[in-house]
Amino acid sequence: MNVRRIVVIGAGQMGSGIAQVCAAAGYMVNMQDLKQEQLDKGMAIITKNLSRQVEKGRLTEEGKQATLSRITPTVDVSCAKEADLIIEAAVERMDIKKQIFKQLDEIAPQHAILATNTSSLPITEIAAVTKRPEQVIGMHFMNPVPVMKLVEIIRGLATTDAVYETIESITKQIGKVPVEVNDFPGFVSNRILLPMINEAIYALYEGVATKEAIDDVMKLGMNHPMGPLTLADFIGLDTCLYIMEVLHEGLGDSKYRPCPLLRKYVSAGWLGKKTGRGFYIYE
C-alpha cells in the first residue's frame with residue numbers, strides 16, 4: 001500500500017514527536033488535537049527539536065523548514081478523510097481510544113490503516129469497535145520519539161499480513177527499528193519495565209533505601225541511564241499506575257499489584273515532572 005499522508009491524533013509529547021519523525025522522512029502530516037493551545041505547544045516542541053539538530057550540524061536550515069512545511073496542525077478531525085495512515089497518540093485510556101477509533105473509522109477512507117500508539121492496551125479490543133479490524137494495528141513509539149529507535153508493532157487478532165508489512169516498512173522509512181510483538185497486556189516493553197519501576201517504589205515504600213540510593217544502584221550497578229524513580233517521574237506517575245492496573249487486571253497475577261505509595265502520590269496530584277512534583281521536586 002502506498003502511504004503518502006499521515007494523520008497524527010494528539011499533539012502532546014508523543015504525538016508531536018511522531019509527527020516530527022514522519023514529516024522528516026518526507027510524509028505529509030496532519031497533526032490533530034482538540035485544543036489549539038496544545039497544537040501550538042506541539043509545534044513549538046517540534047521547532048525546538050529541529051533547531052537543536054541545526055545547531056549540532058545534523059540538519060540544514062533548509063531541511064528544518066522543509067520538515068515544518070510538511071506538518072499541518074489542525075483542530076478539525078475531518079482531516080482524516082485524506083489519510084492513508086492514522087496514528088492515534090491520545091491519552092492512555094481505553095474508553096477514550098474506543099471513542100476515537102469509532103469516529104476515525106467513520107471518517108477515514110476505506111483503504112486507511114488505523115494505528116494506535118498505546119503502551120499497554122489490547123489492540124484487538126480497540127479494533128473491535130471498528131468495521132475494519134483487519135486494518136488496525138499497534139505502533140508503540142518510545143519517548144522521546146525523535147531520539148529512541150524502537151517501535152513495538154503489535155498485531156490485533158484480525159490484523160492482516162499486508163497491513164503489518166506496510167507498517168513495518170514505514171517504521172524503517174522514518175528511521176526506526178520495528179520489533180513484532182503479540183497482543184498481550186503491556187506488550188514486551190512495559191510488561192518488563194513497569195514491574196521494575198513498581199518494585200523500586202515498593203523498595204522506597206518499605207524503607208529499604210532512599211529514592212536517591214535506589215536510583216544510584218540501578219544507574220551505577222546496572223548501567224541504566226536513569227534510575228527507575230526518576231524515570232517514573234518522567235513517564236508520569238498516573239501513567240505508571242494506569243499501566244500497572246492494566247497488567248494486574250489483564251494478567252491476573254498479584255506480582256503486578258500497584259504499590260500503595262504509587263496510588264497515594266497519584267491521589268495527591270504528585271504525577272512527576274509534568275506537575276512539578278513526583279518522587280523528586282522539579283522547578
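Residues numbered from 1 in each chain as written. Predicted model: local features only at pLDDT ≥ 70, side-chain atom pairs only at ≥ 80, totals over all residues. Heavy atoms only, no water.

(A) Representation of the overall build of the chain. A count of helices and strands for the chain gives 11 helices and eight strands. In terms of overall dimensions, the chain is globule-like: its C-alpha atoms have a radius of gyration of 19 Å, near the 19 Å expected for 283 residues. Overall, the chain is about 55 × 45 × 30 Å in size when its C-alpha atoms are taken along their principal axes. Put simply, the chain has 283 residues, and 48% of those count as buried. The long-range share in the chain, meaning contacts at least 24 apart out of those at least 6 apart in sequence, stands at 66%. Entry remark: accessible area of the chain is about 13,800 Å², with carbon and sulfur atoms responsible for 53%. Between the centroid of the 31 positive side chains of the chain and the centroid of its 33 negative side chains there is a distance of 3 Å. (Helix = DSSP H or I, 4+ residues; strand = E, 2+ residues; numbered from the N terminus. Rg over C-alpha atoms; globule rule 2.2 N^0.38 Å. Buried < 20%, exposed > 50% of the residue type's maximum accessible area, 1.4 Å probe, protein only. Contact = heavy atoms within 4.5 Å. Areas by Shrake-Rupley, 256 points an atom, 1.4 Å probe, with all protein chains shown as cover. Lys, Arg positive; Asp, Glu negative; His and termini not counted. Charge placed at Lys NZ, Arg CZ, Asp CG, Glu CD.)

(B) Summary view of the packing of aromatic side chains. This model, assessed by the stated rule, comprises four aromatic pairs. On the numbers, 6.4 Å between centres and 90° between planes, the contact of F234 with Y282 is edge-to-face. Pair noted here: F234 is in helix α9 (residues 228-235) and Y282 is in the segment after α11 (260-267), with a separation of 48 residues, a long-range link. Ring pairs connect the aromatic residues Y265, W270 and F279, which therefore count as one cluster. (Phe/Tyr/Trp six-rings, centres within 6.5 Å; stacked < 30°, edge-to-face > 60°.)

(C) Representation of the pairing of strand β2 (residues 28-32) in the model. Among the five residues in β2, four count as buried, and that is most of the element. Of the crossover connections in this fold, the one passing from strand β1 (residues 5-9) over helix α1 (residues 13-24) to the parallel β2 is right-handed. Pairing of β2 with strand β3 (residues 71-74), which is carried by four bridges, proceeds in the parallel orientation. Each residue of the ladder has a partner; that of Q32, found in β3, is T74. (Right-handed = clockwise from strand over helix to strand, strands pointing away. Pairing = 2+ DSSP bridges.)

(D) Local environment of the UniProt feature "domain: 3-hydroxyacyl-CoA dehydrogenase NAD binding" (unreviewed entry) in the chain. Here, the residues flagged by UniProt with the feature "domain: 3-hydroxyacyl-CoA dehydrogenase NAD binding" (unreviewed entry) are residues 6-183. With 41% helix and 21% strand, the stretch residues 6-183 has end C-alpha atoms that lie 24 Å from each other. (UniProt positions renumbered as here; feature names shortened; annotations may be inferred.)

(E) Focus on the packing of α9 against helix α10 (residues 237-251). The geometry of α9 relative to α10 is characterised by a closest axis approach of 6 Å and an angle of 100° between their N-to-C directions. When the axis of α9 is compared with that of α10, the two are roughly perpendicular. Contacts between α9 and α10 involve A232, D233 and I235 on the former and, on the latter, L237, T239 and C240. (Axes fitted to C-alpha atoms, helices over the stretch in contact; angles between N-to-C directions. Parallel < 35°, antiparallel > 145°, perpendicular 65-115°, else oblique.)

(F) A look at α10. In this model, α10 (15 residues) spans 21 Å end to end at C-alpha, consistent with the 21 Å of a helix rising 1.5 Å per residue. Buried residues of α10: L237, C240, L241, I243, M244, V246 and L247, and no others. The elements touched by buried residues of α10 are α7 (189-205), α9 and α11. Looking at the residues trailing α10, positive phi occurs at G252, about 65°. (Expected span 1.5 Å × (residues − 1).)

(G) Spotlight on the sheet that holds strand β7 (residues 150-155). With mixed pairing, the eight strands of this open sheet are ordered in space as β3-β2-β1-β4-β5-β6-β7-β8. The two strands at the open ends of the sheet, each matched to only one other strand, are β3 and β8 (177-181). Ignoring strand direction, the axes of neighbouring strands in this sheet form an average angle of 25°. Across four bridges, β1 lies against strand β4 (residues 85-88) in parallel orientation. Residue pairing across strands places V8 opposite I87, the latter belonging to β4. Here α1 sits on the sheet in contact with β1, β2, β3, β4 and β6 (136-141), set at roughly 170° to β2.

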